[in-house]
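Residue strings, one per chain:
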Amino acid sequence: MGAVTTQARPWTAPVAGSPVATTVRLPGSKSMTARALVLSALADGPSAIRRPLRARDTTLMAAGLRALGVTLDTGSDELWRVEPGTLRGPARIDVGLAGTIMRFAPPVAALADGTVTFDGDPHARNRPLRPIVEALRALGADIDASPTGGLPLVVRGTGVVAGGEAVIDASGSSQFVSGLLLSAPRFAKGLILRHEGPPVPSAPHLRMTTHMLRAAGASVDESVPDVWAVEPGGLRGRTWDIEPDLSGAAPFFAAAMVTGGTVTLAGWPRDSWQPVGRLSELLTALGAEVSQTDEGLTVRGTGALHGIEADLSEVSELTPVIAALAALADSPTALRGVAHIRGHETDRLAALATELGKVGAGIVEHPDGLEITPGPLRPATFETYADHRMAHAAAVIGLAVEGVRLTDVACTSKTLPEFPELWAHLVTGG
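All of these numbers come straight from a predicted model, not from anything done at the bench.

S.K.: Quick rundown of helix α6 (residues 203-215)? Include the residues and the values.
M.R.: Its 13 residues place the ends of α6 18 Å apart at the C-alpha level, agreeing with the 18 Å of an ideal helix rising 1.5 Å per residue. The set of residues buried in α6 consists of Pro204, His205, Leu206, Met208, Thr209, Thr210, Met212, Leu213 and Ala215. The elements touched by buried residues of α6 are α1 (30-41), α5 (175-183), β12 (220-221), β13 (227-230) and β14 (239-241). Downstream of α6 by one or two residues, Gly217 has phi in the positive range, about 100°.

Okay, here's the thing in structure tokens:
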């Protein structure tokens, strides 16, 4: 099936001539928007999503749910309305390069009556899916997958999924667990899901999933480590308030640190479902001062960047930006716990090793992380690998190194289409 793609846009990262000082207002969290869309589609009544993220991943998710019979009004940037409908095929769903769609939508499709096919961008076929495919089969779904267990998928729904018990190795992505949990209240027997294998990464994303399920009226028991039990039952329609995207804010916070300036993320809630505490710890260790007031979350650069040793398994989306900061620091850095990001939009560890090496950093690549030794940095063309987080990393390096050219800045449309304009405004103050 034809994938929606963006045309590559080469871009030279602007250099900061002075400390940045600004307040940024960012769109909503991709993770929260995706979960709210699925829970709203499966609810027993209408829902509203306030301040959602409008970007490639979320518009493709909305299109996929529409194809299954859900009515979505996404005309307003401030409020999306969702009317559940009878889930049915035939339907074709383009996942783009989005892990959220390829892991969250097949369980929804299994609840539909009819055949639903999934495919996406070429690299999407390399992203791991087998664990969720095998778990859905164990729960009664009829699915055909590629020989590698991934895309393209064909889900032959009968309008019901038996549910029950399943075992999964979710060490490759917490989205395997989240995708099953989000649809589990609609399974006839609910779900008891047990993880067996190396630790599940990105625990904060799992907590977000269970918090949002409970907010929609689901009964979820996660009292036993690596076991999630969801009772069968209805999900309530409700209004979802989407927080600003913390991962999307990371490069802007990094700009404050690199330039010795100050950046405030406006609209940050006092009680967040995102891992703001862990982000604050990491940025503080790297040399920032982090504070929260009624105005928002503020990061101030102190004029110094320090190397760190850190396990990023809970906040792996931050790895590219933290690696970029490490390349600009005054001492070496060791990052670990992120083997699973080799299966993200690209193999992020290999990509970071290659591109940071090009600009002059000393890199040792490990199976689950990187050692980064700062060195004299130089101009280079930074390959973005169709990966928005790699573009963010390059932009951060470019603040301090003239002549950093990105092969494609348009890939940032995956989660923040206005990134180039916001970044240029941040750096130039124009």
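S.K.: So what's going on with the pattern of salt bridges? Residues and values would help.
M.R.: The tally for this structure, following the rule as stated, stands at 24 salt bridges. Among the ionic pairs, Asp77 bridges to Arg54, the shortest N-O distance being 2.6 Å. Of this pair, Asp77 sits in the loop between β4 (71-73) and β5 (79-83) while Arg54 sits in the loop between β3 (47-50) and α2 (56-67), placing them 23 residues apart in sequence. The exposure class assigned to Arg54 is partly exposed, which follows from its relative accessible area of 31%.

S.K.: I'd like a rundown of the sheet that holds strand β16 (residues 288-293), residues and numbers included.
M.R.: An order of β2-β15-β17-β16 is seen for the four strands of this open sheet, with the pairing classed as mixed. If you trace the sheet from one side to the other, it starts and ends with β2 (21-24) and β16, each paired once. This sheet shows a mean twist of 15° between the axes of neighbouring strands, independent of strand direction. Helix α7 (residues 246-259) contacts β2, β15 (262-266), β16 and β17 (296-301) of the sheet and is inclined by roughly 35° relative to β17.

S.K.: Requested: an account of the environment of Ala21, with residues and values cited.
M.R.: Structurally, Ala21 is set in strand β2. For the pair Ala21 and Pro332, spaced 311 residues apart in sequence, the C-alpha separation works out to 28 Å.

S.K.: Explain empty space enclosed by the protein residue by residue, including any values.
M.R.: Inspection of every chain in the model, using the stated rule, returns four cavities of 30 Å³ or more. The volume enclosed by the largest cavity comes to roughly 410 Å³. Lining the largest cavity are 33 residues, with Ser31, Gln175, Ser202, His205 and Glu317 positioned closest to its centre. Counting only elements with at least two residues in the lining of the largest cavity, the list comes to α1, α3 (99-110), α6 and α7. Its residues assigned to classes, the lining of the largest cavity comprises eight nonpolar, 14 polar and eleven charged. Surrounding the second largest cavity, Leu26, Pro27, Gly28, Leu53, Asp245, Gly248, Ala249, Arg389, His392, Thr415 and Leu416 form its lining. For the lining of the second largest cavity, the per-class residue count stands at five nonpolar, four polar and two charged.

S.K.: Any details on the sheet that holds strand β18 (residues 309-311)? Residues and values, ideally.
M.R.: The sheet built from four strands is open, its strands ordered β18-β19-β21-β20 with mixed pairing. The open sheet has two edge strands, β18 and β20 (362-366), and neither has a second partner. When the angles between neighbouring strand axes are averaged without regard to direction, this sheet yields 10°. Note: β18 against strand β19 (residues 333-336), three bridges, orientation parallel. Looking across to β19, one finds that Ala310 is bridged to Leu335.

S.K.: Could you give an account of the environment of Val276, with specific residues and numbers?
M.R.: Within the element layout of this structure, Val276 appears in helix α8 (residues 276-286). Put simply, Val276 and Ile242 are 34 residues apart on the chain and 15 Å apart in space, counted from C-alpha to C-alpha. If we ignore the near neighbours within four places in the chain, the residues touching Val276 are Leu246, Trp268 and Leu297.

Rules and cut-offs
Residues numbered from 1 in each chain as written. Predicted model: local features only at pLDDT ≥ 70, side-chain atom pairs only at ≥ 80, totals over all residues. Heavy atoms only, no water. Helix = DSSP H or I, 4+ residues; strand = E, 2+ residues; numbered from the N terminus. Expected span 1.5 Å × (residues − 1). Buried < 20%, exposed > 50% of the residue type's maximum accessible area, 1.4 Å probe, protein only. Contact = heavy atoms within 4.5 Å. Salt bridge = Lys/Arg side-chain N within 4 Å of Asp/Glu carboxyl O. Pairing = 2+ DSSP bridges. Axes fitted to C-alpha atoms, helices over the stretch in contact; angles between N-to-C directions. 1 Å grid on protein atoms, 1.4 Å probe; cavity = no way out; pocket = protein on both sides within 12 Å on 5 of 7 lines; lining within 4 Å. Points joined across faces, edges and corners; volume = space filled by probe spheres on them. Nonpolar A, V, L, I, M, F, W, Y, C, P; charged D, E, K, R; others polar.

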